[in-house]
Amino acid sequence: MGVAAGPIRVVVAKPGLDGHDRGAKVIARALRDAGMEVIYTGLHQTPEQIVDTAIQEDADAIGLSILSGAHNTLFAAVIDLLRERDAEDILVFGGGIIPEADIPLLKEKGVAEIFTPGATTASIVDWVRTNARQPAQA
């Protein structure tokens with residue numbers, strides 16, 4: 001995928017059976033209010049659905065939110081699918097209830113950043129701006 005013109009595009013997704021999406025919606029709104037295009041996939045998405053959406057929407061980044069404890073499995077599945085589909089240039093970041101001990105393993109697997117409870121929306125917006133593919137200047 002090339003660098004697209006226009007705002008940074010972010011897919012915000014809730015993989016797995018986790019039914020709590022308030023945090024994901026707060027992040028989606030903060031990114032949107034910061035001028036990014038946000039595609040919120042809704043609850044109970046499979047890794048395949050998330051990756052399909054990101055590719056179809058020409059996303060620059062995927063933000064995953066998990067509170068269910070399945071982060072190691074679901075984050076890895078998204079990363080693996082991006083690799084299989086030659087879409088490794090889509091940045092993956094995540095947040096939710098993720099034990100500090102699991103963060104290095106997730107980063108080793110390819111998750112660029114993890115935001116835990118207490119992270120500010122401003123810090124997340126700044127991180128995405130700094131790390132997502134930057135749109136080409138017109």
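Scroll up to find the structure.
To keep things clear, this report deals only with the structure shown in the data block. (Residues numbered from 1 in each chain as written. Predicted model: local features only at pLDDT ≥ 70, side-chain atom pairs only at ≥ 80, totals over all residues. Heavy atoms only, no water.)

## What to know about the packing of aromatic side chains
Operational definition: Put simply, two rings from Phe, Tyr or Trp (the six-membered ring, in Trp's case) pair if the centres are within 6.5 Å, and we call them stacked under 30 degrees between planes, edge-to-face over 60, tilted for the rest. A run of H or I in DSSP counts as a helix once it spans at least four residues, and a run of E counts as a strand once it spans at least two, with each numbered from the N terminus. Relative accessible area decides the class of each residue, using a 1.4 Å probe on protein chains only: under 20% of the type maximum gives buried, over 50% gives exposed, and in between gives partly exposed.
In this structure the tally under the stated criterion is 3 aromatic pairs. Seen from their ring centres, F93 and F115 are 6.3 Å apart, and the 85° between their planes marks the pair as edge-to-face. Of this pair, F93 sits in strand β4 (residues 91–96) while F115 is found in strand β5 (residues 113–115), placing the two residues 22 residues apart along the sequence. The exposure class of F115 is buried, given its relative accessible area of 12%. Three or more aromatic residues joined by ring pairs form one cluster here, namely F93, F115 and W127.

## Some remarks on the sheet that holds β4
In a beta sheet, neighbouring strands are held together by backbone hydrogen bonds and run either parallel or antiparallel to one another. Put simply, the rule reads: Only strands that DSSP links by at least two bridges are regarded as paired with each other. Convention adopted: a line fitted to C-alpha atoms gives each axis, helices being fitted over their contacting stretch, and angles between N-to-C directions are expressed from 0 to 180 degrees.
Ordered by their spatial adjacency, 5 strands build an open sheet running β2-β1-β3-β4-β5, and the pairing between neighbours is parallel. Taken across any chain shown, the strands that pair with only one partner, and hence form the sheet edges, are β2 (37–40) and β5. Direction aside, the axes of adjacent strands within the sheet are offset by 20° on average. Note: strand β1 (residues 9–13) against β2, 4 bridges, orientation parallel. Looking at the pairing, V12 lines up with Y40 of β2.

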